[in-house]
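# Descriptive analysis of the structure
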Amino acid sequence: MNKVSIFLVSMFFLASAAWAETTLPDAAQEARAQSLFHLLRCVVCEGQALAESRAELAGEMRTVVREFIAQGQSDEAILSYFRQRYGDEVITKPPLRADTYALWLAPPALILVALAGLIFYRQRRSG
Amino acid sequence: MMRFLPVLVFACLACGLALALLKPAPEPEHRMEGNALPALDLPVLTGEMPQPPYLLNLFASWCAPCLAEHPYLAKVAALGVPVVGIGWKDSAENLNAWFAQHGNPYRAVLHDEQGRAGVDLGIRGVPESYVIGKDNKILYHQMGPLTPEILADEILPFFVEQKNE
């Protein structure tokens, strides 16, 4: 193993050590918590989900998620708890609404335009 | 001419992205106004909880902007506005040392050592302040330090209105 890969592997383990939090005893419940951590955004760091954030507030939000799951709350109830407090921006997947149509529809529209352009260009070249 | 189109499109995209990157991040739009004050199941560090309306202020001894707004809290308290503090992610020892050094403007101080109540209140960091109305509703939510302008224009009017009723 060269030095770079040793460095990368040790960084990986260091990074996972930073998440050494009290997990839920029930494996299925913990898995639910982990999937919610990917759906929720860290509100004090730009562009990070709860799952990957080391901010203290994110740690506190993870604690809240686990607490609610242990209480038997549904995923929807947990997400709406956070949405009520931090707005839509706390959900990593923005809702499909009139003011977010552009966000959802622009990427597929761009792909279609690019494909159409490509086909047009190739036909002209061969024709 | 068509040859330069991709270059032009790329240049436009790069310029747009560079501009967006240099622009300061927008203030978070979502505030807690209109929500009911969540139940705060916290130990009382000092003082006695007043009846609403009051000004709720989250702070910590390790937070520099909290020290900057601290003198203004004493001023509004002197004007008769009940101010309740929540010491967030801080030890009782450090909070008491802070009061000894800088004074204690709070009617009551609650202790949120873990920071759990902060999430219930939808905070992003300290300091944050809330105007709590008579019916325990959040009437105003301030993220970041209080300034004399914010206190005079946004916060004091709530207490003047409530007194006149």
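The model shown is predicted, which means the values in this text are computed figures rather than measured ones.

## Some remarks on the packing of helix α3 (residues 56–70) of chain A against helix α4 (residues 75–86) of chain A
Residues and elements named next belong to chain A.
- At a minimum axis separation of 10 Å, α3 and α4 run at an interaxial angle of 145 degrees. The way α3 lies across α4 gives a crossing that is right-handed. On α4, the residues that touch L57, M61, V64, V65, F68 and I69 of α3 are I78, Y81, F82 and Y86.
- Within the contact of α3 with α4, the residues separate by chemical class into 10 nonpolar, no polar and no charged.

## So, unusual backbone geometry
Residue and element names in this part refer to chain B.
- Here the bond from P52 into P53 is cis, since omega is 5 degrees, no more than 30 degrees from zero.
- Here P53 shows up in the loop between β1 (44–47) and β2 (54–59).
- Residue P127 is reached from V126 by a cis peptide bond, and omega for that bond is 0 degrees.
- One can find P127 in the loop between α4 (116–120) and β5 (128–132).
- Look at K89: it is not a glycine, yet its phi comes out positive at around 50 degrees.
- Looking at the secondary structure, you find K89 in the loop between β3 (83–88) and α3 (92–102).

Rules behind the numbers
Residues numbered from 1 in each chain as written. Chains lettered and ligands numbered in written order. Predicted model: local features only at pLDDT ≥ 70, side-chain atom pairs only at ≥ 80, totals over all residues. Heavy atoms only, no water. Axes fitted to C-alpha atoms, helices over the stretch in contact; angles between N-to-C directions. Helix = DSSP H or I, 4+ residues; strand = E, 2+ residues; numbered from the N terminus. Left-handed = near helix turned anticlockwise from the far one by under 90°. Contact = heavy atoms within 4.5 Å. Nonpolar A, V, L, I, M, F, W, Y, C, P; charged D, E, K, R; others polar.

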